[in-house]
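# Summary of structural features
Here's the letter readout for the chains.
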Amino acid sequence: MGDRKEKYLTFVEKLVNLTHSEPFDKESYVRLISDICLEYRIAKGDTEFYATLLMEKRGVGEAFCDYDNGKAAKVLAKVRIVSDTKAVVIGTLYCEDGDEERSPEEMDEIYTMLKIIIGFVSRKRLLRILESFGFMDSEGYRNLRALNRYLDVENTENGLGGKVAFHIDLHNFTMVNKDIGRQNGNIVLYRYYSKLQEVIGDTGIIIRLGGDKFVGICDRSVKRAVFDVFSGAVITYDDEKNKRIKVSAAAGVFMIPNPYMYNDPGDIMDKIMIASNIAKNNSGDSIVVFNEKIKESKNHIKRVQLDFRNALVEEEYAVYYQPKVDIDTKKVMGAEALCRWIKNNEVIPPISFIPILELNNDICDLDFYMLEHVCMHLRRWIDEGREVVRVSVNFSRKHLADIDFLPHIVSIVDKYNIPHEYIEVELTETTTDVLFSDLRRVVCGLQEIGIWTAVDDFGVGYSSLNLIKDIPWNVLKIDKSFVPKDTESEDSISNKMFKHVVALAKDIGINCVVEGVETVSQLDVLRRNGCNIAQGYFFDRPLPVEEFENRLDMKVYQ
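Here goes a summary of the coordinates provided. Computed from a predicted model, the values in this text were never measured in an experiment.

### Comments concerning the overall build of the protein chain
Assigned secondary structure in the protein chain consists of 18 helices and 21 strands. Dimensions along the principal axes, computed over C-alpha positions, put the protein chain at roughly 115 × 55 × 50 Å. By the burial criterion, 47% of the 558 residues in the protein chain qualify as buried. The long-range share in the protein chain, meaning contacts at least 24 apart out of those at least 6 apart in sequence, stands at 67%.

### A few points about unusual backbone geometry
In this structure, Pro259 follows Asn258 across a cis peptide bond, with omega equal to 5°. Within the secondary structure, Pro259 is located in the loop between strand S10 (249-255) and helix H9 (266-280). Positive phi, normally seen in glycine, also occurs at Asn242, with a value near 55°. With respect to the helices and strands, Asn242 occurs in the loop between strand S8 (233-238) and strand S9 (243-247). Residues other than glycine seldom take positive phi values, yet Lys330 does so here, at roughly 65°. Its location among the elements puts Lys330 in the loop between strand S12 (317-326) and strand S13 (332-343).

### Observations regarding the environment of Phe538
Mapping Phe538 onto the fold places it in the loop between strand S20 (533-535) and strand S21 (543-544). Remark: the alpha-carbon pair of Phe538 and Ile301, spanning 237 residues in sequence, is separated by 33 Å. Apart from residues no more than four positions distant in its own chain, Phe538 is found in contact with Val517, Glu518, Thr519, Val520 and Leu523.

### Looking at the sheet that holds strand S3 (residues 72-82)
Strand pairing in a sheet takes place through backbone hydrogen bonds and is either antiparallel or parallel in direction. Taken in spatial order, the four strands make up an open sheet running S2-S1-S4-S3, and their pairing is antiparallel. Across the chains shown, the open sheet's two edge strands, defined by having one partner strand only, are strand S2 (62-68) and S3. Mean inter-strand twist for the sheet, computed between neighbouring axes without regard to direction, equals 15°. With nine bridges joining them, S3 and strand S4 (residues 88-96) adopt antiparallel strand pairing. Among the inter-strand pairings, Val75 is bridged to a residue of S4, identified as Tyr94.

### Regarding the pairing of strand S5 (residues 164-170)
Within S5, seven of the seven residues are buried, leaving the element largely enclosed by the surrounding structure. The pairing of S5 with S10 spans seven bridges and is classified as antiparallel. The partner of Leu170 across the bridge, within S10, is Ala249.

### Regarding the nonpolar core
Across soluble globular proteins, you tend to see nonpolar side chains buried next to one another. One finds Tyr317, Tyr321, Leu366, Ile409, Trp473 and Leu476 to be the most contacted residues of the largest nonpolar core, which totals 80 residues. If one sorts the elements of this core by residue count, helix H12 (residues 362-383) sits on top with eleven residues. Counting residues in hydrophobic clusters, the runner-up holds 32 residues, among them Tyr8, Val79, Ile110 and Phe120.

### So, helix H16 (residues 493-507)
For H16, which comprises 15 residues, the first-to-last C-alpha distance of 21 Å matches the rise-based estimate of 21 Å (1.5 Å per residue) to within 8%. On its buried face, H16 is in contact with strand S17 (452-458), strand S18 (475-478), strand S19 (511-515) and helix H17 (520-528).

### A few points about the environment of Asp169
Tracing the backbone shows Asp169 in strand S5. Measuring from C-alpha to C-alpha, the distance between Asp169 and Phe214 comes to 6.7 Å, with 45 residues separating the pair along the chain. With residues near it in sequence (within four places) discarded, Asp169 still touches Asp212, Lys213, Ala249, Ala250 and Lys280.

### Let's talk about the pairing of S10
Side-chain direction in a regular strand flips from residue to residue, so the side chains alternate between the two faces of the sheet. Of all seven residues that make up S10, six are buried, and the element is covered over most of its length. Judged from the three bridges that link them, S10 and strand S11 (residues 287-289) form a sheet pairing that is parallel. Residue pairing for S11: Ala251 is matched across the bridge by Ile287.

### Things to note about the packing of helix H7 (residues 182-200) against helix H8 (residues 223-231)
The contact between H7 and H8 brings their axes to 9 Å, and the two run at 165°. One way to sum up the angle between H7 and H8 is to call them roughly antiparallel. As H7 packs across H8, the resulting crossing turns out to be right-handed. Here H7 contributes Tyr192, Leu196, Val199 and Ile200 to the contact with H8, which in turn contributes Ala225, Val226, Val229 and Phe230. Looking at the contact of H7 with H8 residue by residue, the class counts come to eight nonpolar, no polar and no charged.

### Quick notes on the sheet that holds S10
One open sheet accounts for five strands, arranged S6-S7-S5-S10-S11; its pairing is mixed. Of all strands in the sheet, those bounded by a partner on one side alone are strand S6 (205-210) and S11. On average, adjacent strands in this sheet sit at an angle of 20° to one another, irrespective of strand direction. Across the face of the sheet, H8 comes into contact with S5, strand S7 (213-218), S10 and S11 while running at roughly 155° to S10.

### A few points about the packing of helix H6 (residues 173-180) against H7
Axis separation between H6 and H7 bottoms out at 7 Å; the angle between their running directions is 130°. The angle between the axes of H6 and H7 places the two elements in the oblique class. Between H6, through Phe173, Asn177 and Ile180, and H7, the contact on the second element is made entirely by Arg182, Asn184, Gly185, Asn186, Val188 and Leu189. In terms of residue class, the contact of H6 with H7 is built from four nonpolar, four polar and one charged.

### Concerning H12
In a regular helix each residue adds 1.5 Å, so 22 residues correspond to 32 Å; H12 covers 32 Å between its end C-alpha atoms and thus fits that length. Of all 22 residues that make up H12, 16 are buried, and the element is covered over most of its length. Looking one or two places after H12, you find Gly385, whose phi comes out positive at around 85°.

### Thoughts on the pattern of salt bridges
For side chains of opposite charge, pairing can occur when their charged atoms come near one another. Counting across every chain of the model gives 38 salt bridges. Here Arg309 ties to Asp362 by a salt bridge, and the two come within 3.1 Å at their closest N and O atoms. Of the two residues, Arg309 sits in helix H10 (residues 292-313) while Asp362 sits in helix H12, which places them 53 residues apart along the sequence. Using a relative accessible area of 43% as the deciding quantity, one classes Arg309 as partly exposed. Residue Arg380 is joined to Glu549 by a salt bridge in which the shortest nitrogen-to-oxygen separation is 2.6 Å. With Arg380 in helix H12 and Glu549 in helix H18 (residues 545-554), this pair connects stretches of sequence that are 169 residues apart.

Calculation notes
Residues numbered from 1 in each chain as written. Predicted model: local features only at pLDDT ≥ 70, side-chain atom pairs only at ≥ 80, totals over all residues. Heavy atoms only, no water. Helix = DSSP H or I, 4+ residues; strand = E, 2+ residues; numbered from the N terminus. Buried < 20%, exposed > 50% of the residue type's maximum accessible area, 1.4 Å probe, protein only. Contact = heavy atoms within 4.5 Å. Pairing = 2+ DSSP bridges. Axes fitted to C-alpha atoms, helices over the stretch in contact; angles between N-to-C directions. Core = buried A, V, L, I, M, F, W, Y, C linked by side-chain atoms within 4.5 Å. Expected span 1.5 Å × (residues − 1). Parallel < 35°, antiparallel > 145°, perpendicular 65-115°, else oblique. Left-handed = near helix turned anticlockwise from the far one by under 90°. Nonpolar A, V, L, I, M, F, W, Y, C, P; charged D, E, K, R; others polar. Salt bridge = Lys/Arg side-chain N within 4 Å of Asp/Glu carboxyl O.

Here you go:
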């Protein structure tokens, strides 16, 4: 007993001395661990280190095996320590199968030495990660400081030249979190990041800006593999049940020329952010490569945004009216108010400025400007004794979250004493539950005060029957892309879908208007399916107010 106790005290003394000495004598430490394991019949000893509790939960950390005789069969002792900084160190000792039980005294000695060892590991790893923490976030992702350090090191004539820089934003990740839960969403996010890191390898770096946004740089030799991950990667988030999800991203890319040196990291960041924003809002390509055309587009966006307020004050935005016509009687039944920007006697088409104003809340101010001018025109027409028609005004989806949206509409309409039935509010469909709920609230509120509502561009997006089942619209505006083509047979899927959508809308009391009607054959399709209101170039393009007034006075198309 005395000899064993003496050995134990010697082991403890040596452990303390070795684990507190500088410089650290690794060879002596390994020999001592081996001697301890042999004395206490330990088959294997390992330690695990996790920088945070979350990283322990994810299994993202470091593991070290200090001794292994290849015969480990079962756990003999295990100690887990959580430091003040929430780093986690776990030490585990194993024994051979059928090994005899240790006495309580032996186990106490084993646990004491194990605690000394993992305390040492904890100190060493924490010292090492102090530097790392400056370049990692709390969830184990490299951060912006890591990218800036990488750029500083590589900013030589040949260091960055020829590489590929990118900014990515994962598609619909809010919905992913909702569908599989935030905890599984976090697993998906980290594994997607890890997959990109694996593909990039030592040719570059990837960091997280925050949320589901990442920035990276890689060599052109791995560009195709990296782009494939952007386009879609299958990520397993439940290994046991093999539950998987496909994740893709909108990516802005800058092909760094060779040679290349920057004056400021923003030279690269600006380019990939511009391209990324275009990719995110683009219905086509999800990978956009920065070029001079994009640079000019950015300048155009700035000009439009800077000119917007002055254009409002100067009333450069004009209301044009496109008639809605009864295809049987040829009578004007209504009109849609459309915005045109007249600057320096030039008419600027909506595609050149509306999407830009949609980037922020400028579009909301323009919508109310349009409503006010429509009400001014209606008031004048009523006072002049004209036979007026209902006018529809488009409102951006951005209004839906505004709790004062309805009162603002009513205040403008009532300011000009316009009967509510002469105003129709056009809103587009939405694919998120939150906005769908707001959409229903707005439509129901407008219905209660007698203002008509229309769902715009039905058939362009992923229209759901819930859109017309759960929301009491007055009008369903069917996009021309939903109308069957001249070459399609009566039995085509397009013909059948159009026929049944129109029939369903009529059965539940919703009026149908078809947009973009341009040909006689399209009119025939409308007649066959009982849809009698058309809007499009077959009758008229959008008209300046004076020309539209002439159409009102004419009453019927010849």
